[in-house]
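Descriptive analysis of the structure
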Amino acid sequence: MKMQKFTIADASLERSPGQEADIRVGNLVDERHGGPITIGYGRYAPGQSLTETMAVDDVMIVLEGRLSVSTEAGTVSAGPGEIVYMPKGETVTIRSHEEGALTAYITYPHWRPAHA
C-alpha cells in the first residue's frame with residue numbers, strides 16, 4: 001500500500017456491526033489492504049450508547065462533538081482534538097452527548113476479523 005490521505009468524504013459509513021445504536025463506521029484501511037492496522041471514521045448520532053469488551057487495541061480521536069467513555073475505573077469525556085485509548089480486553093461504554101460525535105479511529109490488529 002502506498003501513502004494516502006483521507007477525508008470523511010472518502011468513508012462509506014455503515015451501521016457498526018452487532019450494534020443496535022445509531023453508530024456508523026467506515027474503514028479506509030483494513031486487512032484487505034495488507035497493513036497491520038485498521039483506520040477509519042465513525043459517526044455517533046446524538047444520545048447513543050454502546051457497551052463492548054474491546055477485541056483489539058483501539059485509539060479514538062474525537063473530531064467533532066463529545067463522547068464519554070466509561071470503564072470500571074471511571075469515565076472520561078473527550079471533545080475535538082482529544083484522544084481516547086481503549087486497550088484490548090477492557091469493557092467500555094461509549095456514549096455520545098446531545099450533539100453526537102465524529103471520530104477517527106485506529107485499531108491494532110484489525111477489528112473486523114476480531115469480531116467475526
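In case you missed it, the structure is sitting above this.
Residues numbered from 1 in each chain as written. Predicted model: local features only at pLDDT ≥ 70, side-chain atom pairs only at ≥ 80, totals over all residues. Heavy atoms only, no water.

1. Details of the overall build of the chain
Note the following rule: Numbering of helices and strands starts at the N terminus; helices are DSSP runs of H or I of at least 4 residues and strands are runs of E of at least 2. Radius of gyration here is computed from C-alpha atoms only, and the compact-globule reference equals 2.2 Å multiplied by the residue count raised to the power 0.38. Working definition: with a 1.4 Å probe on protein chains only, accessible area under 20% of the residue-type maximum means buried, over 50% means exposed, and in between means partly exposed. Two residues qualify as a contact provided that any one of their heavy atoms is within 4.5 Å of a heavy atom in the partner residue. Residue exposure ignores everything except the shown protein chains as possible cover, and the areas themselves are Shrake-Rupley values with a 1.4 Å probe.
Per the secondary structure count, the chain includes one helix and eight strands. Against the compact-globule benchmark of 13 Å for 116 residues, the chain has a radius of gyration of 13 Å, which places it among compact chains. Every one of the 116 residues in the chain was classed for burial, and the buried ones make up 40%. Intrachain contacts of the chain at a sequence separation of at least 6 include 64% that bridge at least 24 residues. Accessible area for the chain stands at about 6,600 Å²; split by element, carbon and sulfur atoms hold 52% of it.

2. As for the pairing of strand E5 (residues 57-71)
For the record, the criterion: We call two strands paired when DSSP finds no fewer than two bridges between them.
In this structure, E5 lies alongside strand E8 (residues 91-108), joined through 12 bridges in antiparallel fashion. Each residue of the ladder has a partner; that of Glu-64, found in E8, is Leu-102. One ladder, built from four bridges, connects E5 with strand E7 (residues 83-86); its direction is antiparallel. Looking at E7, one finds that Asp-58 is bridged to Met-86. The pairing of E5 with strand E6 (residues 74-78) spans five bridges and is antiparallel. Each residue of the ladder has a partner; that of Leu-67, found in E6, is Ala-78. Following E5, the chain reverses through two residues before pairing antiparallel with E6.

3. Re the pattern of salt bridges
The criterion, for reference: Note on definitions: salt bridges are taken to be side-chain nitrogens of Lys or Arg within 4 Å of carboxyl oxygens of Asp or Glu.
What the rule picks out here adds up to two salt bridges. For Arg-24, the salt bridge goes to Asp-22, with nearest N and O atoms at 3.4 Å. The partly exposed category is assigned to Arg-24, whose relative accessible area is 30%. Residue Asp-22 is classed as partly exposed on the basis of its relative accessible area, which comes to 30%. Between Arg-32 and Asp-30 there is a salt bridge; the shortest N-O distance is 2.4 Å. Classification of Asp-30 as buried rests on a relative accessible area of 0%.

4. Let's talk about the nonpolar core
What counts is decided by this rule: Residues belong to one nonpolar core when they are buried, are Ala, Val, Leu, Ile, Met, Phe, Trp, Tyr or Cys, and are joined through side-chain atoms within 4.5 Å.
In this structure, Tyr-44, Met-60, Leu-67, Val-69, Met-86 and Ile-94 are the most contacted members of the largest nonpolar core, which totals 15 residues. Of all the secondary-structure elements, those providing two or more residues to this core are E5, E7 and E8. Residue contributions to this core peak at four residues, all from E5. Setting aside residues up to four positions removed in sequence, Met-60 forms contacts with Tyr-44, Leu-67, Val-69, Glu-82, Ile-83, Val-84, Met-86, Ile-94, Thr-103, Ala-104 and Tyr-105.

5. Focus: the environment of Arg-43
Note on placement: Arg-43 falls in strand E3 (residues 38-44). Distance in space between the C-alpha atoms of Arg-43 and Leu-63 is 9.9 Å, their sequence separation being 20 residues.

6. Notes on the side chain of Asn-27
For clarity, the threshold we go by: In protein, a polar contact requires one atom able to donate a hydrogen and another able to accept it; more generally it is a pair of N or O atoms within 3.5 Å, and residues adjacent in sequence count only if both atoms are side-chain atoms.
Within the fold, Asn-27 resides in strand E2 (residues 23-29). The exposure class assigned to Asn-27 is buried, which follows from its relative accessible area of 17%. At 2.5 Å, the side chain of Asn-27 forms a polar contact with the side chain of Tyr-105.

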